[in-house]
Amino acid sequence: MVTVVALTSCISVLLTLGLIAVVRPIKTRIAVERIGASVSSVGDVAELADRIRPAVVQVVASTAAGVESWGSGVVYRSDGMMLTSEHVVKDARSVRVLLGSGVEVPARVVGMDAETDIALIDLDGNDFEVAPLGFTDGVRVGQPAITIGSPNGNGGGLVVRVSVVSALGQEAGVDGHKLVDMMQTDTAVAPGCAGAPVLDAHGAVIGIAAANVTTDAGAIGYATPIDVARAVATQLLDNGKVTRGWLGVEGETLTAERSKELGVPGGAVVRRVKPTSPAEAGGLQAADVIVAVDQAALPTWSALVVRLRSLRPGDTISLTVVRDGQRKTVPVTLAEKPTA
């Protein structure tokens, strides 16, 4: 049994299992949790947390009805641009941010993207301390993953969880959205730390904490890779929204048994073709198995989603489709996804 949990709560994590506390003066108080990872000494992690502390913030989002939700975020530009999770601020009428210094500043949501659970927020002011952004292509399974957040109820201090990257290219769900190409860590993200930066051992941001999945074996965390977050932020800053090529299909990954029957290494099964979509115009049908895009093999449904992310409306792609045991080439011109 798998249950997906969005991390918008503001519960303090000082009572969570395996806590090791490293006390600092009040504005830099840090709780360092070593859960399932042995990457460096607690002192080394605390030093890294101290270094990034000014760029890690607490986010408070208020709805029109006055309901508040809490999360974390990270400032990555000195002019006040910061990243957090979309599900933290998606219904917000107003947003305010508590800096590491204890100063509260007003902020506005520049834009957000539910498909990657990323939101871009602009802080009021300039000359902010920033965290360095790394690159996803250097991330490897087994390397350290250090999540540093500033949850409500912790007096403005940090909560740090030290774990490892346990898998890449994973799927997770948040608020009804299936997130793909996610980074998985071997421990859960602390409550109130959705939107927090996930760092490598050198202090570079390699992901933005998103959600937890609880299984019979325990909880694991997921983060949006930083290359994805960076690309989303660039589009939000330039256009106020993210525009991708839209195919207009729903589906799932081809099962191993069915792959063997069809003699293909993998693929994406089309379960539904949306009316008036590019897929319908191109002739795709339910039960088609898409095995390649522009002759590049497509092993999973997530791989199709990731490929479409890199394309824009108006781009034409060539889909290799298995239908009734026969391979067909289906050219499709992508469109912009309808807002409704």
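Right, let's walk through the structure included here. Computed from a predicted model, the values in this text were never measured in an experiment. Each chain has its residues counted from 1, following the order in which its sequence is written. Owing to the predicted nature of the model, reporting of local features is limited to residues with pLDDT of at least 70; listing and counting of side-chain atom pairs is limited to 80 or more, with chain, interface and lining totals taken over all residues. The side-chain values count all of the structure's non-hydrogen atoms but skip hydrogen atoms and water molecules.

1. Some words on the overall build of the chain
The criterion, for reference: Secondary structure elements follow DSSP: runs of H or I of four or more residues count as helices, runs of E of two or more count as strands, with numbering from the N terminus. Each residue's exposure class comes from its accessible area (1.4 Å probe, protein chains only) as a fraction of the maximum for that residue type: buried when under 20%, exposed when over 50%, partly exposed otherwise. Two residues qualify as a contact provided that any one of their heavy atoms is within 4.5 Å of a heavy atom in the partner residue. Surface accessibility in these figures is a Shrake-Rupley result with a 1.4 Å probe; residues are shielded only by whichever protein chains are displayed.
Along the backbone of the chain there are six helices and 23 strands. Taking all 340 residues of the chain together, the buried fraction comes to 51%. Of the contacts formed within the chain by residues at least 6 apart in sequence, a portion of 62% connects residues at least 24 apart. Accessible surface for the chain amounts to roughly 14,900 Å². Of this, 52% is attributable to carbon and sulfur atoms.

2. Observations regarding unusual backbone geometry
Residue D127 is not a glycine yet carries a positive backbone phi of 60°. In this fold, D127 is placed in the loop between β9 (118–123) and β10 (144–149). One non-glycine residue, D324, lies in the positive phi region at around 55°. If you trace the backbone, D324 turns up in the loop between β21 (316–323) and β22 (326–333).

3. Digging into helix α6 (residues 301–309)
Owing to its 3.6 residues per turn, the α-helix aligns residues three or four sequence positions apart on the same side. Stated precisely, the cut-off is as follows: Relevant arc is that of directions from the helix axis to the C-beta atoms, nothing else.
Among all positions of α6, only W301, S302, L304, L308 and R309 are buried. Mapping the buried residues of α6 onto a view down its axis gives an arc of 155°, with all of them on the same face.

4. Description of the side chain of Q143
The condition that has to hold: Here a polar contact is taken to be a pair of N or O atoms separated by no more than 3.5 Å, where protein atoms must pair a possible hydrogen donor with a possible acceptor and residues adjacent in sequence count only if both atoms sit in side chains.
Checked against the element boundaries, Q143 lands in the loop between β9 and β10. Exposure remark for Q143: the relative accessible area of 15% places this residue in the buried category. Reaching out from Q143, the side chain makes a polar contact with the backbone nitrogen of R140 at a distance of 2.9 Å.

5. Considerations on the sheet that holds strand β5 (residues 68–75)
Condition: At least two DSSP bridges between two strands are required for those strands to pair. In this analysis, axes come from line fits to C-alpha atoms, helices being fitted only over the stretch in contact, and the angle between any two N-to-C directions falls in the range 0 to 180 degrees.
Here six strands make up a closed barrel; going around it, the order is β4-β5-β6-β9-β8-β7 and the pairing antiparallel. Ignoring strand direction, the axes of neighbouring strands in this sheet form an average angle of 40°. In this structure, β5 lies alongside strand β6 (residues 81–84), joined through two bridges in antiparallel fashion. Pairing of V75 across the sheet is with M82, part of β6.

6. Here we look at the nonpolar core
Note the following rule: Note on terminology: a nonpolar core comprises buried Ala, Val, Leu, Ile, Met, Phe, Trp, Tyr and Cys residues joined through side-chain atoms within 4.5 Å.
Counting 29 residues, the largest nonpolar core has L83, L120, I146, I148, V160 and I208 as its most contacted members. When residues of this core are traced back to their parent elements, those giving at least two are α1 (42–52), β6, β9, β10, β11 (158–174), β14 (205–215) and α3 (226–239). With six residues, α3 is the single largest residue contributor to this core. Discounting residues that sit within four places of it in the chain, I146 has contacts with V45, L48, V160, R161, V162, P197, V198, L199, D200 and A201. By size, the runner-up hydrophobic cluster in this structure holds 19 residues, among which are V249, A268, V293 and V332.

7. Concerning the pattern of salt bridges
Operational definition: Criterion for a salt bridge: a side-chain nitrogen of Lys or Arg within 4 Å of a carboxyl oxygen of Asp or Glu.
For the structure on display, the rule yields 16 salt bridges. Among the salt bridges present, the one from R108 reaches D122, with a minimum N-O distance of 3.7 Å. Note that R108 is positioned in strand β8 (residues 104–113) and D122 in strand β9, a separation of 14 residues in sequence. Under the relative-accessibility criterion, R108 is labelled partly exposed at 47%. We classify D122 as buried; its relative accessible area is 17%. The salt bridge partner of E115 is K337, with a shortest N-O separation of 3.7 Å. Highlighted residues: E115 in the loop between β8 and β9 and K337 in the segment after β23 (335–336), separated in sequence by 222 residues.

8. Brief notes about α3
The condition that has to hold: For a helix, the expected span equals 1.5 Å multiplied by the residue count minus one.
Look at α3: 20 Å from first C-alpha to last across 14 residues, which is about the 20 Å you get at 1.5 Å a residue. Regarding α3, the residues found buried are I226, V228, A229, V232, A233, Q235 and L236. Positive backbone phi, approximately 80°, marks G240, located one or two places after α3.

Note that every value here comes from positions in space, so none of it alone points to a role or purpose.
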